[in-house]
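# Observations on the model geometry
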Amino acid sequence: MPYSNIQKNYDVVIVGGGHNGLIAACYLAKAGKSVLVLEKHDKVGGAVVSRQLFPGIEAKLSVYAYLVGMLPQKIISDLDLDFKFRQRNPASFTPYEKDGKHEGLLISNSDEAITKKSFEQLTGNSEEYQNYFKFHQLQKSLGKHLWHSLLEPMQTREEIKKLFQTEEEKLAWQLFMEQPLGVAIEEFFQSDLVRGLVFTDGTIGTFTHPHDSSLQQNRTFLYHIIANGTGDWCVPVGGMGKLTEELVAQCKKNGVEILNHAEVTKIEPEEEQATVKFQHNNQESYISGKYVLVNLAPKKLSQLLSGYNPPNDPKDEGSFVKINMVLRKLPRLKADYDSVEAFTGTFHVNEGYQNIIESYKMACEGMIPEHPPGEFYCHSLTDDSILSPSLRAEGYQTLTLFGLEMPYSLFVKDNQTEKQKVLERYLNGVNQYLLDPIKDCIARDENGQLCVDIATPVDVEREVGIPTGHVFHQSLSWPFVESEEERGMWGVEIGFDNIFLCGSGAKRGGCVSGIPGHNAAMKILEKF
């Protein structure tokens, strides 16, 4: 909206127009509050955006965030969002070589017999599958008791623990909440490949290892396995940008005002209201709000708000590599599996347990892992609406890779050189399982360049504004509080009466969830 239309006072000013800020804005505006969203960039959306990355190739790729698991259906319904997602089937495929022959561990979302047979082919017996099934059942009890609590005032650890009443549920609490995740994984599984497959949910987007005493890996694992209450991570129909488009439409419908190119420079809490200072078109200005919601990483907020000092762990840094590609065809596999079957779900590469641990150790020593672990998936096999009709007709597909054990510190000195090294290692990693070298399958844009785009934490820090490119803003929290004093809070409080977090750095934040946006709005409405 034009700067000239901006008022000087609002009920709520929201700093940062990522998806959580927009969700909070929608809830508050629907409740009749005046809301202004200040966004530094020319468009809102943050990391929840889709773009045509390659000239002449009409494919709208989810640039950063790419799967949906933590966005509750309640938020979609409450805000009348036309946003859908689809389950992938199969769930995952992990290629391996055994006795000189290429095989694959295929896990189905719909047919347990397929999964069981695939496990038996890998291990030669049914024991590993039975343990995997038992482990999965234990995981389900976490989603059963925790999922719906995420949109309610926070309970204490002891209150949540009391929900786990059966022997199986008590075991799940002990395994996943009270000891390093590596202990349970090593107790349940013998196969290095299966151990690694399970552990990936504990290290996606964060830099940790199976026996980390802080249990950061457990918290990351927890958020991934309770997704949708079931652990299912789904493909967003139309791409991640579709969610932002829907939120912007609802903001406009409900009278939310959005000002782009507005970089906040300072937030000043006062007794009756808070003042937000910002720059717009090289001009200093300010806005007052009864309340201010901040959709920024806590590290960033500490630079804007005097007296706010969040925990500052230098080891808590962004850790990933995101590679987006467009293929003119899917590569054929050395294993006797159809490419569509293998790439629809998560295609695991170099994610054996020991290799993940060795990769972590190498990264700790400042070296790019020799065999970097990562996982591919093909959005367009589940939802081809992100491709133009002509690309669909020609058999084009998208391919996304999310790489693990790739901390910010590896790239900060020479981002361009290091990320090209990483790209080659990932492509070589998948090539060991392919009949067709992956580069031969990658499309070329109208300039003759390969349709490959790679982003590191350094790129995300520069382009999105998240310190160290941390996709969760900071280490994920437990979905409960430790003290009785915090009981009943919403997890967005930071010690000020009229300033609250509404982004991924809030308690119960992280992932594309909208949960902290919803909870911040509920906190404000409670205050009103």
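Residues numbered from 1 in each chain as written. Predicted model: local features only at pLDDT ≥ 70, side-chain atom pairs only at ≥ 80, totals over all residues. Heavy atoms only, no water.

So, about the UniProt feature "domain: Amine oxidase" (unreviewed entry) in the protein. When the UniProt feature table is mapped onto this chain, "domain: Amine oxidase" (unreviewed entry) is found at residues 21–302. Taken end to end, residues 21–302 has its terminal C-alpha atoms 18 Å apart, with 40% of it in helix and 21% in strand. (UniProt positions renumbered as here; feature names shortened; annotations may be inferred. Helix = DSSP H or I, 4+ residues; strand = E, 2+ residues; numbered from the N terminus.)

Ordered in space as β7-β6-β14-β15-β16-β13-β17, the seven strands form an open sheet in which the pairing is mixed. Only two strands of the sheet have a single neighbouring strand rather than two, namely β7 (101–107) and β17 (452–455). Across the sheet, the mean angle from the axis of one strand to that of its neighbour is 20°, orientation sign disregarded. Pairing between strand β13 (residues 319–327) and strand β16 (residues 397–407): eight bridges, direction antiparallel. By the bridge assignment for β16, Lys322 is matched with Phe402. Packed on one face of the sheet, helix α8 (residues 192–203) meets β6 (92–98), β7, β14 (346–349), β15 (374–377) and β16 and runs near 145° to β6. (Pairing = 2+ DSSP bridges. Axes fitted to C-alpha atoms, helices over the stretch in contact; angles between N-to-C directions. Contact = heavy atoms within 4.5 Å.)

Let us look at the pattern of salt bridges. Enumeration according to the criterion identifies 25 salt bridges in this entry. We note a salt bridge from Glu120 to Lys116, for which the minimum N-O separation is 2.6 Å. Of this pair, Glu120 and Lys116 both sit in helix α3 (residues 112–123), four residues apart, which is roughly one turn of that helix. (Salt bridge = Lys/Arg side-chain N within 4 Å of Asp/Glu carboxyl O.)

The next point concerns helix α19 (residues 515–527). Between its first and last C-alpha atoms α19 spans 18 Å; for 13 residues at 1.5 Å apiece the expected length is 18 Å, and the two agree. Among all positions in α19, only Ile515, Pro516, Gly517, His518, Asn519, Ala520, Ala521, Lys523 and Ile524 are buried. Buried positions along α19 lie against β1 (9–15), α1 (19–30), α2 (73–78), β12 (283–294) and β18 (499–501). (Expected span 1.5 Å × (residues − 1). Buried < 20%, exposed > 50% of the residue type's maximum accessible area, 1.4 Å probe, protein only.)

A few words on the environment of Ile356. By the secondary structure assignment, Ile356 is in helix α13 (residues 353–364). In this structure the C-alpha to C-alpha distance between Ile356 and Gly196, which are 160 residues apart in sequence, comes to 7.1 Å.

Helix length check: α3, at 12 residues, gives a terminal C-alpha distance of 17 Å against a target of 16 Å (1.5 Å per residue), a fit within 8%. Those residues of α3 that fall on the buried side of the exposure criterion are Thr115, Ser118, Phe119 and Leu122. Buried residues in α3, looked at end-on, bunch into an arc of 100°, giving them a common side. Set apart from the buried face of α3 by more than 90 degrees, the exposed residues are Ala113 and Lys117. Contact partners of the buried residues in α3: β6, β7, α4 (127–146) and α8. Capping the start of α3 is the job of one residue whose side-chain oxygen sits 2.9 Å from the backbone nitrogen of Ala113: Asp111. Positive phi appears at Gly124, one or two residues downstream of α3, with a value of about 85°. (Arc of directions from axis to C-beta. Polar contact = N/O pair within 3.5 Å; in protein donor to acceptor, adjacent residues only side chain to side chain.)

For the structure on display, the rule yields 25 aromatic pairs. A centroid spacing of 5.0 Å and a plane angle of 65° characterise the contact between Phe93 and Tyr337, whose relative ring orientation is edge-to-face. In this pair, Phe93 is assigned in strand β6 and Tyr337 in the loop between β13 and α12 (339–344), connecting sequence segments 244 residues apart. Their ring planes at 45° and their centres at 5.6 Å tell us that Phe93 and Phe347 sit as a pair that is tilted. Remark: Phe347 occurs in strand β14 and Phe93 occurs in strand β6; sequence separation between them is 254 residues. Since its relative accessible area comes to 0%, Phe347 is described here as buried. By the ring-pair criterion, three or more aromatic residues cluster together here, those being Phe119, Tyr129, Tyr132, Phe133, Phe135, Phe176, Phe188, Phe189 and Phe221. The ring of Tyr286 carries Lys8 above its face, with NZ or CZ at 4.6 Å from the centroid. (Phe/Tyr/Trp six-rings, centres within 6.5 Å; stacked < 30°, edge-to-face > 60°. Lys NZ or Arg CZ within 6 Å of the ring centre and 35° of its normal.)

For β6, a buried count of five out of seven residues is recorded, marking the element as mostly surrounded by other parts of the structure. Summarising the sheet, β6 and β7 pair through seven bridges and their orientation is antiparallel. Each residue of the ladder has a partner; that of Lys98, found in β7, is Lys101. Count of turn residues in the β6/β7 antiparallel hairpin: two residues, of which Asp99 carries a positive phi of about 55°. Relative to β14, β6 runs parallel, the two sharing two bridges. Residue pairing for β14: Ser92 is matched across the bridge by Thr346.

Considering all chains together, one arrives at one cavity of 30 Å³ or more under this definition. Empty space within the largest cavity amounts to approximately 60 Å³. Secondary-structure elements contributing two or more residues to the lining of the largest cavity are β4 (60–62) and β16. Top element by residues in the lining of the largest cavity is β4. It accounts for three residues. Partitioned by chemical class, the residues of the lining of the largest cavity number four nonpolar, six polar and one charged. (1 Å grid on protein atoms, 1.4 Å probe; cavity = no way out; pocket = protein on both sides within 12 Å on 5 of 7 lines; lining within 4 Å. Points joined across faces, edges and corners; volume = space filled by probe spheres on them. Nonpolar A, V, L, I, M, F, W, Y, C, P; charged D, E, K, R; others polar.)

Core analysis: the largest hydrophobic core is formed by 128 residues, its most contacted members being Met70, Phe176 and Leu293. Sorting elements by how many residues they give to this core places α1 first, with eight residues. With residues up to four places along the chain from it excluded, the contact list for Leu293 reads Val12, Val13, Ile14, Val15, Ala24, Leu28, Phe500, Cys502, Ala520 and Ile524. With 47 residues, the next largest nonpolar core counts Phe411, Leu423, Ile442 and Ile454 among its residues. (Core = buried A, V, L, I, M, F, W, Y, C linked by side-chain atoms within 4.5 Å.)

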